Amino acid sequence: MSKARTTHGQPPGPHVADSHDVIRVHGARENNLKDVSIEIPKRRLTVFTGVSGSGKSSLVFDTIAAESQRLINETYSAFLQGFMPNRARPEVDVLDGLTTAIAVDQQRMGGDPRSTVGTATDANAMLRILFSRLAEPHIGPPSAYSFNTASVSASGGIRVERGAEKTRTVKATFSRTGGMCTRCEGRGKVSDIDLTQLYDDSKSISEGAFTIPGWKSDNVWTVGLYAQSGFLDPDKPIRRFTKKEMQAFLYGEPTKVKVNGVNLTYEGLIPKIQKSFLSKDKEAMQPHIRAFVERAVTFTSCPECDGTRLSEAARNSRIGELSIADACAMEIRDLAEWVRQLAEPSVAPLLTALQGTLDSFVEIGLGYLALDRPAGTLSGGEAQRVKMIRHLGSSLTDVTYVFDEPTVGLHPHDIQRMNDLLLRLRDKGNTVLVVEHKPEAIEVADHVVDLGPGAGTAGGAVCFEGTVEGLRRADTVTGRHLDDRARIKESFREPTGALEIRGASANNLQDVDVDVPLGVLTVVTGVAGSGKSSLLHGSMPADAGVIAVDQSPIKGSRRSNPATYTGLLDPIRKAFAKANGVKPALFSANSEGACPTCNGAGVIYVDLGMMAGVDTPCEDCEGKRFQASVLEYRLGGRDISEVLAMPVSEAEEFFAAGEARTPAAHRFLERLADVGLGYLTLGQPLTTLSGGERQRLKLATHMGDKGGVYVLDEPTTGLHLADVEQLLGLLDRLVDSGKSVIVIEHHQAVMAHADWIIDLGPGAGHDGGRVVFEGTPADLVEARSTLTGQHLAAYVGG
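Criteria and thresholds
- Residues numbered from 1 in each chain as written.
- Predicted model: local features only at pLDDT ≥ 70, side-chain atom pairs only at ≥ 80, totals over all residues.
- Heavy atoms only, no water.
- Helix = DSSP H or I, 4+ residues; strand = E, 2+ residues; numbered from the N terminus.
- Buried < 20%, exposed > 50% of the residue type's maximum accessible area, 1.4 Å probe, protein only.
- Contact = heavy atoms within 4.5 Å.
- Areas by Shrake-Rupley, 256 points an atom, 1.4 Å probe, with all protein chains shown as cover.
- Lys, Arg positive; Asp, Glu negative; His and termini not counted.
- Charge placed at Lys NZ, Arg CZ, Asp CG, Glu CD.
- Pairing = 2+ DSSP bridges.
- Axes fitted to C-alpha atoms, helices over the stretch in contact; angles between N-to-C directions.
- Parallel < 35°, antiparallel > 145°, perpendicular 65-115°, else oblique.
- Left-handed = near helix turned anticlockwise from the far one by under 90°.
- Expected span 1.5 Å × (residues − 1).
- Patch = residues over 30% accessible without salt bridge, like charges linked within 9 Å, V, L, I, M, F, W, Y side chains within 5 Å.
- Salt bridge = Lys/Arg side-chain N within 4 Å of Asp/Glu carboxyl O.
- Core = buried A, V, L, I, M, F, W, Y, C linked by side-chain atoms within 4.5 Å.
- Phe/Tyr/Trp six-rings, centres within 6.5 Å; stacked < 30°, edge-to-face > 60°.
- Lys NZ or Arg CZ within 6 Å of the ring centre and 35° of its normal.

**Examining the overall build of the protein chain**
For the protein chain, the count of helices and strands is 28 helices and 27 strands. Taken across its 798 residues, the protein chain has 50% of its residues classed as buried. Summarising the internal contacts of the protein chain: among those between residues at least 6 apart in sequence, 66% fall at separations of at least 24. Carbon together with sulfur atoms contributes 49% to the accessible area of the protein chain, which is approximately 37700 Å² in total. Separation between the mean location of the 85 positive side-chain charges and that of the 100 negative ones in the protein chain comes to 6 Å.

Right, here's the structure in full:
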């Protein structure tokens, strides 16, 4: 029998290294956190919950994960740190027991048209190597199968100087075989400009033929340049131009010309339009410019590569009957089966690695995707799960994984699978921290931290920590609502009409015909990948007048805030100007009223090279962003900086009555409060908003639009159980005011509250794309003929 070993006479017992079993946070004050102190158990699954804006992300992402990643970055050399993101130390007194943190958030993957699911993971790189080894005919190295690599060849002389030797010239050649299609340059789509939207060919240039926004006849830089270039007759109708004139007019090479004594560059209309309009971000354009671009430009599949992005050689090089384009177009679960059947000892390690990656896609519920799917088209939930893939098979342990609502975009049927994955990561010896609202996800936690009690300035404190059962008994907002169940309505609204969708075949839709009822609350549901977004975003009639409100990022800088984005600041500036008899521009931190020291930013940014840059409040304006003279002007006893620091709920009362009464501002604020954003401050930077908050902000701006059909994409994202009831009330008010509301949603409370449900499925990818149920929620529960029906029946029965 072996004896317990002792060291230096110490008795056997727990090793001191095993005593570090908690992450200790003391005095956290990041964003709205109020001096939070907490101990989080390591190697356990801890769920953070609380109402939207209570401080969950501030504690988990902005404090714990941010400090861990900052400390890791500091272990690298100063040279490498210069290429890494600069991170400032979070506002916290003590952070002990941190381990390496890997944050897996809902930020959408890059919208670069060259980025696909395959390139964003290792799958495409491994597939290219596989084809370069096994495909026939052999066309070259892995780069020959890459649509992001162009073929290049060059030759010439190189000058070489060695020591005392005289300069001598050496002839050198260089070549690289790439797989990029030369027509579309690897994008898979080509843009086609509708010339009828650019000009009226029955008129001459001098008669005002151009129909491009901003191209007025007295503009020397545009119309004047073509009229006086000398390449064409400005008094001749465009349809009568000779072939040479038309070539110069549409495709002329850049040439220096003199117009009214000024040297300008003339170029053809099409390249000029491409540079002026198509190279810019469409979201950042003014509405009338965006409308013009959408009318004038169409994107079609490249006729040369048929949308595969690849050169002819890459498309004709095959393993068996399959080219790399065919492999990338297959659903990943089918591709995994094909790879499993390949038996080639020379590439066995590669096949094992590729098989593992593809199986991870299937295991995580993304087997319906294809590797050639553009990364920018993934939803926030899909993007988060794609990022999870590289961690599932990792051999690392004692890592802290941080997830932001991993159940977003998941059907109730799939949530159990996600829970199993989180528990598997924990069981490997990792600490798993999850920000979550769904009861099904909260229930598997080993430890729960509930933040609140309210949102914004009313939150930022720990209301409860302990077990799930303890939370149920706790008198907190989450504890009281954890077992809430919505009931199916007793009566349903009657449709006022129908939106007809016929022969929908976008993505995996299988020639779907469906009538979406108008004038009621319609919920479109189904498992992830069943075709919901394809039906509503890709198949709606163009003339339906649909207002789509999704969770895509709002373009804007740190100077943008809810007040500027919604247009709320305009009536506020005018009210201040009228009350004080001065110009409205004085009350803009981006215009005349800006503090000259910080240019209205409120902070001075000091770049410290390879170290974390430092934001310090501007000493002159004390972070208020305005000149001191502007802050002397008041409205209702408040200056403009104090108004921008108000939460929406407080500002709504402020502008409702008294000296500050401003009906136009009050209407905007009511909408923001209606969508559950009463805790946001008017001046909070847009870059700090979550996906759900962005969607609700967009919804608030559109609520005054005249369009009659709203399409919302999972509006419950980021909403606490207590806030879902408020959202349902808002949807009811929209419908009762004469709007038609169509919601893509998995939340059973929203399904139960609907007037009509369209259920897609029965599975995902090629197993979905069909309408498996149409009718009222009551009929769906009674039939229980689909996965959704079974889960909804269990939900309302509970």
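**Points about the sheet that holds strand 20 (residues 521-526)**
The strand order across the open sheet formed by six strands is 21-24-25-20-26-27, and the pairing between neighbours is mixed. Edge strands, defined here as strands with exactly one partner in the open sheet, are strand 21 (546-549) and strand 27 (770-775). Neighbour-to-neighbour, the strand axes of the sheet open up by a mean angle of 20°, direction not taken into account. Bridge count for strand 24 (residues 709-713) against strand 25 (residues 740-744) is five bridges, and the pairing is parallel. Within strand 25, the residue paired with Val-709 across the bridge is Ser-740.

**Brief notes about the packing of helix 12 (residues 348-363) against helix 13 (residues 380-392)**
The contact between helix 12 and helix 13 brings their axes to 9 Å, and the two run at 130°. One way to sum up the angle between helix 12 and helix 13 is to call them oblique. Crossing of helix 12 against helix 13: the hand is right-handed. Between helix 12 and helix 13, the contacting residues are Thr-357, Ser-360 and Phe-361 on the first element and Val-386, Ile-389 and Leu-392 on the second.

**A few points about helix 4 (residues 123-134)**
Given a rise of 1.5 Å per residue, 12 residues ought to cover 16 Å, and the 16 Å separating the end C-alpha atoms of helix 4 matches this to within 8%. Every buried residue belonging to helix 4 is among Ala-123, Asn-124, Met-126, Leu-127, Arg-128, Leu-130, Phe-131 and Ser-132, and all of these are buried. In this structure, the buried side of helix 4 is in contact with helix 3 (117-120), strand 12 (318-319), strand 13 (322-323), helix 10 (324-329), helix 11 (332-341) and helix 12.

**A few points about a negative patch on the surface**
Together, Asp-18, Asp-21, Glu-39 and Glu-465 give the surface a local cluster of negative charge. Its place among the elements puts Glu-465 in strand 17 (residues 461-466).

**Considering the pattern of salt bridges**
Pairing between side chains of opposite charge can happen when the charged atoms of each approach one another. Within this structure, the stated rule accounts for 34 salt bridges. Where Asp-398 meets Arg-43, a salt bridge forms, and the shortest distance between an N and an O atom there is 2.8 Å. With Asp-398 in the loop between helix 13 and strand 14 (400-404) and Arg-43 in the loop between strand 2 (36-41) and strand 3 (45-49), this residue pair connects regions lying 355 residues apart in the sequence. Under the relative-accessibility criterion, Asp-398 is labelled partly exposed at 39%. Taking the shortest distance from any N to any O, the salt bridge between Asp-755 and Arg-493 comes out at 2.7 Å. With Asp-755 in the loop between helix 26 (748-753) and strand 26 (756-761) and Arg-493 in the loop between helix 17 (477-481) and strand 18 (497-504), the pair connects residues that are 262 residues apart, well separated along the chain. Owing to a relative accessible area of 23%, Arg-493 belongs among the partly exposed residues under this scheme. Within this structure, Lys-489, Arg-493, Asp-732, Asp-736 and Asp-755 form a network of salt bridges that share partners.

**Brief notes about the environment of Asn-260**
By the element assignment, Asn-260 lies in the loop between strand 9 (255-259) and strand 10 (262-266). Since its relative accessible area comes to 55%, Asn-260 is described here as exposed. Measuring from C-alpha to C-alpha, the distance between Asn-260 and Gly-789 comes to 73 Å, with 529 residues separating the pair along the chain.

**Observations regarding the sheet that holds strand 1 (residues 22-28)**
Strand pairing within a sheet occurs via backbone hydrogen bonds; the two strands may be parallel or antiparallel. With antiparallel pairing, the three strands of this open sheet are ordered in space as 2-1-4. Each edge of the open sheet is held by one strand with a lone partner, namely strand 2 and strand 4 (94-96). Strand-to-strand, the axes of this sheet are offset by a mean angle of 5°, without reference to chain direction. Where strand 1 meets strand 2, five bridges bridge the pair, whose relative direction is antiparallel. Bridge pairing in strand 2 links Ala-28 to Val-36.

**Digging into the nonpolar core**
Membership of the largest hydrophobic core comes to 69 residues, with the highest contact counts inside it found for Ile-572, Ile-640, Phe-655, Leu-682 and Leu-699. If you tally residues by element for this core, the top one is helix 25 (residues 721-736), at seven residues. When residues no more than four places from it in sequence are discounted, the contact partners of Leu-682 are Asn-561, Pro-562, Ala-563, Leu-568, Ile-572, Val-643, Leu-644, Met-646, Val-648, Ala-651 and Leu-669. Grouped together as the second largest cluster of nonpolar side chains are 67 residues, Ile-324, Ala-336, Leu-366 and Ala-764 included.

**Details of the packing of aromatic side chains**
In total, this model carries 15 aromatic pairs according to the counting rule given. Aromatic side chains Phe-131 and Tyr-145 sit 6.0 Å apart centroid to centroid with 50° between the ring planes, which places their arrangement in the tilted category. One end of the pair, Phe-131, is in helix 4; the other, Tyr-145, is in the loop between helix 4 and strand 6 (152-160), with 14 residues separating them in the sequence. Relative to Trp-215, the ring of Phe-210 has its centre 5.1 Å away and its plane inclined at 65°; by these criteria the two rings are edge-to-face. For Phe-210, a relative accessible area of 8% puts it in the buried group. Exposure remark for Trp-215: the relative accessible area of 11% places this residue in the buried category. Between the NZ or CZ atom of Arg-309 and the centre of the ring of Phe-147, over which it lies, the distance is 4.9 Å.

**Digging into the pairing of strand 21**
Here strand 21 shows one buried face, formed by Ile-547 and Val-549, and one open face, formed by Val-546 and Ala-548. Sheet analysis places strand 21 next to strand 24, joined by four bridges and oriented parallel. For Val-549, the partnering residue across the bridge sits in strand 24 and is Leu-712.

**Examining the environment of Arg-128**
Mapped onto the secondary structure, Arg-128 falls in helix 4. In sequence terms Arg-128 and Arg-671 are 543 residues apart; their C-alpha atoms lie 51 Å from each other. Not counting chain neighbours up to four residues away, the residues in contact with Arg-128 comprise Pro-142, Tyr-145, Ser-146 and Ile-324.

**Quick notes on helix 13**
For helix 13, spanning 13 residues, the distance from its first C-alpha to its last is 19 Å, which sits close to the expected 18 Å at 1.5 Å a residue. With 11 of 13 residues buried, helix 13 is to be regarded as a mostly interior element. For helix 13, every residue scored as buried is listed here: Gly-380, Gly-381, Glu-382, Ala-383, Gln-384, Arg-385, Val-386, Met-388, Ile-389, His-391 and Leu-392. Check the buried side of helix 13 and you find it contacts strand 5 (101-104), helix 12, strand 14 and helix 14 (412-427).

**Re a nonpolar patch on the surface**
Residues Tyr-76, Phe-79, Leu-80 and Phe-83 make up a contiguous nonpolar surface patch of about 480 Å² in total accessible area. The topology assignment puts Phe-83 in the loop between helix 2 (78-81) and strand 4. Classification of Phe-83 by relative accessible area gives exposed; the value is 64%.

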